[in-house]
Amino acid sequence: QVQLVESGGGLVQAGDSLRLSCAASGRAVSSDGMGWFRQAPGNEREFVAAVTWSGGAYYSNSVKDRFTISRDNAKNTLYLQMNSLKPEDTAVYYCAADSRGQYFRPASYSYWGQGTQVTVSS
């Protein structure tokens, strides 16, 4: 079993930056594909970014060139650096681990955190 705990969310203004963290426990996740998803009220959970066990990164078109996903295997932690934030980035952000299959599909992941709220004001 893997437990995931996100942190780093908050209320910021458009153009600001935030860094989300996702601390994993229970076992090492260094061999897992991991991802970030987000969900705004009334919307389905959507893919944001994913990283493979070897460090390959993938992004949704809406965040590409603004967000950076990274991992620190020594700390068993996943990060999401978010720059140039926009009001449309407002959502609850979730990290996920142990992807099997298509990295952009929520159903591909076995473990989820509880989420952290990101609110971007205009």
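Structure: see above.
Residues numbered from 1 in each chain as written. Predicted model: local features only at pLDDT ≥ 70, side-chain atom pairs only at ≥ 80, totals over all residues. Heavy atoms only, no water.

**Student:** Sorry if this is basic, but what is going on with the nonpolar core here?
**Tutor:** Generally speaking, nonpolar side chains in soluble globular proteins are found buried as a group. Grouped together as the largest cluster of nonpolar side chains are 27 residues, with contacts concentrated most on Leu-4, Trp-36, Leu-80, Met-82 and Tyr-93. Contributions of two or more residues to this core are made by strand E3 (18-25), strand E4 (34-39), strand E5 (46-51), strand E7 (67-72), strand E8 (77-82), strand E9 (91-99) and strand E11 (116-121). Ranked by size, the runner-up nonpolar core spans 5 residues in total, among them Phe-47, Ala-50, Ala-96 and Tyr-109. (Core = buried A, V, L, I, M, F, W, Y, C linked by side-chain atoms within 4.5 Å. Buried < 20%, exposed > 50% of the residue type's maximum accessible area, 1.4 Å probe, protein only. Helix = DSSP H or I, 4+ residues; strand = E, 2+ residues; numbered from the N terminus.)

**Student:** In this structure, what is going on with the pairing of E7? I would like to understand it.
**Tutor:** Along any regular strand the residues' side chains alternate between the sheet's two faces. Burial of E7 is one-sided: the residues Phe-67, Ile-69 and Arg-71 facing one way are buried, the residues Thr-68, Ser-70 and Asp-72 facing the other way are not. The sheet contact formed by E7 and E8 spans 6 bridges and is antiparallel. Of the residues in E8, the one forming a bridge with Ser-70 is Tyr-79. (Pairing = 2+ DSSP bridges.)

**Student:** Can you help me understand the state of the cysteines in this one?
**Tutor:** Two cysteines form a disulfide when their sulfur atoms are joined by a covalent bond. Under the definition given, this model contains 1 disulfide. A sulfur-sulfur separation of 1.9 Å characterises the disulfide bridge that pairs Cys-22 with Cys-95. Torsion about the S-S bond of the Cys-22 and Cys-95 cystine: about 45 degrees, corresponding to right-handed handedness. Taken together, the positions of Cys-22 in strand E3 and Cys-95 in strand E9 put the pair 73 residues apart, joining distant regions of the chain. Assessed through its relative accessible area of 0%, Cys-95 is described here as buried. (Disulfide = S-S within 2.5 Å.)

**Student:** Would you mind going over the side chain of Asn-76 with me for this structure?
**Tutor:** In this fold, Asn-76 is placed in the loop between E7 and E8. On the basis of relative accessibility, which here comes to 14%, the residue Asn-76 falls in the buried class. Within polar-contact distance, the side chain of Asn-76 engages the backbone oxygen of Arg-27 at 3.0 Å. Among residues more than four places away in sequence, those in contact with Asn-76 are Cys-22, Ala-23, Ala-24, Ser-25, Arg-27, Ala-28, Val-29 and Ser-30. (Polar contact = N/O pair within 3.5 Å; in protein donor to acceptor, adjacent residues only side chain to side chain. Contact = heavy atoms within 4.5 Å.)

**Student:** Looking at this structure, how should I read the sheet that holds E7?
**Tutor:** Sheet strands pair by backbone hydrogen bonding; their relative direction is either parallel or antiparallel. Pairing is antiparallel across the open sheet formed by 4 strands, whose spatial order is E1-E3-E8-E7. One side of each edge strand has no neighbouring strand; the edge strands of this open sheet are strand E1 (3-7) and E7. For this sheet, the mean angle separating the axes of adjacent strands, direction not counted, is 15 degrees. Where E1 meets E3, 5 bridges bridge the pair, whose relative direction is antiparallel. Looking across to E3, one finds that Leu-4 is bridged to Ala-24. (Axes fitted to C-alpha atoms, helices over the stretch in contact; angles between N-to-C directions.)

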